[in-house]
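# Summary of the model geometry
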Amino acid sequence: MTTIPVSLGARSYDVVIEAGLLARAADRLKPLARGRRMVIVTDSNVLSHLATLQAALDEAGIASEAIVLPPGEATKCWAQLEALTDRLLDLGVERGDHVIALGGGVIGDLVGFACAILKRGCGFVQIPTTLLAQVDSSVGGKTAINSRAGKNLIGAFHQPALVLIDPDVLDTLPLRQVRAGYAEVVKYGLIDDPAFFDWCEANASELLEGAPAARAYAIAISVAAKARIVAEDERETTGARALLNLGHTFGHALEAEAGFSDRLLHGEAVAAGMALAFAYSAAHGLSPAADAERVSRHLRAIGLPDGVAAAGISASADVLVDHMLHDKKMDAGTLPFLLAHGIGQTFLDTSVDLADVRAFLAA
Ligand code: GLY
């Protein structure tokens, strides 16, 4: 078992990682239940995990009530938020209660946001069931729904009280989803941990095949990196947390072009975006070309896209830059980019000229 603290003063919490943890979750949840019924919010893709969790709570004498939502990005909407908050109120959830978010990023983001606003804030616990949610979205307190104008535009920072990660739940996750989540794993190596990138190159295939030791190690390193960065810059104001957006600006343009659909999963877009960030850095003499090539080679080797065409996108440079202008990271006319001086040397550049980006994408 690995326990990683997220140190945020009064909002500090633990991320616990252990194979088989779901069936033993009651030990951790009992103090948060306060002798009351716990509400679990999940989606219909993970009903077997819901059954495991409810059986564990039952055995420990903790009553539970499940709310099962439709799977998919469309669930992160105003209508579902309204229905969920109404249901939580009907169930008598109090500010001191802890709602359990059991699922991937969609469930975590929606439930986290519902809990941020329910009675001006109630507790919640993240039990992520996708690799992407385990290594990224369940940790750090970003919560949101989508609006007509774009993804994650309505939200709040609201930290969970506990994150329980059971790597075994990934056994039932489709390989494409595991691979997409892996993009966020390799991201931590590219940001500031070159030794971890070396490890990724050597161990990615084992990890994707579900080797327990490789999987647990990758999750622990990723969560530790995320916990450190979030503790340094909880609300993305100093620039430290912005590093976690490596690949996300180029990636966002690709995702927008794909209509934020299953045509291109978020992690796939991030993979292509990271390769583009390295290629852009190399093209501008900021990073060795060999590092950019190494990043592309690794992503390709494990079946992730390493550029626009590889991501299945045929839009022109103009169209992609136009998508960038609608990125929520736009700040007074500039768009912050994460570039690199090499593998493990990512930095924030707020002076990138979009005309240069357009020329790079058109080349
Ligand atoms: N996924 C980026 C962040 O949590 O800041």
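Preceding this section is the structure that the text describes.
Here's what I pulled together on the structure shown here. The structure displayed is predicted, hence computed values, not measured ones. (Residues numbered from 1 in each chain as written. Predicted model: local features only at pLDDT ≥ 70, side-chain atom pairs only at ≥ 80, totals over all residues. Heavy atoms only, no water.)

### A word on the layout of surface pockets
Considering only enclosed or pocket space, the second largest pocket measures out at about 190 Å³ in volume. Lining of the second largest pocket is provided by 14 residues; of these, A10, R11, H158, Q159 and P160 occupy positions nearest its centre. Looking at the lining of the second largest pocket, its residues break down into seven nonpolar, four polar and three charged. (1 Å grid on protein atoms, 1.4 Å probe; cavity = no way out; pocket = protein on both sides within 12 Å on 5 of 7 lines; lining within 4 Å. Points joined across faces, edges and corners; volume = space filled by probe spheres on them. Nonpolar A, V, L, I, M, F, W, Y, C, P; charged D, E, K, R; others polar.)

### A short note on the nonpolar core
Grouped together as the largest cluster of nonpolar side chains are 103 residues, with contacts concentrated most on V15, L29, L53, Y182, F250, V357 and L361. It is helix α10 (residues 266-283) that contributes the most residues to this core, 11 residues altogether. With residues up to four places along the chain from it excluded, the contact list for Y182 reads L131, C200, A204, L207, L208, H298, I302 and L304. By size, the runner-up hydrophobic cluster in this structure holds 22 residues, among which are V99, I107, L110 and I145. (Core = buried A, V, L, I, M, F, W, Y, C linked by side-chain atoms within 4.5 Å. Buried < 20%, exposed > 50% of the residue type's maximum accessible area, 1.4 Å probe, protein only. Helix = DSSP H or I, 4+ residues; strand = E, 2+ residues; numbered from the N terminus. Contact = heavy atoms within 4.5 Å.)

### Overview of unusual backbone geometry
A positive phi angle, near 55°, is found at R34, a position not held by glycine. Structurally, the position occupied by R34 is in the loop between α1 (25-33) and β3 (38-43). By relative accessible area, which is 42% here, R34 ends up partly exposed. Although it is not a glycine, F260 adopts a positive phi angle of roughly 50°. Mapping F260 onto the fold places it in the loop between α9 (248-257) and α10.

### Brief notes about the pairing of strand β6 (residues 123-128)
The element β6 is largely enclosed, with a buried count of six among its six residues. Here β6 shows no split at all, with G123, V125 and I127 on one side and F124, Q126 and P128 on the other all buried. Here strand β5 (residues 98-103) runs beside β6; their pairing, made up of six bridges, is parallel. For A101, the partnering residue across the bridge sits in β6 and is Q126. By the bridge criterion, two bridges tie β6 to strand β9 (residues 162-165) in an arrangement that is parallel. Note on β9: the bridge partner recorded for V125 is L162. (Pairing = 2+ DSSP bridges.)

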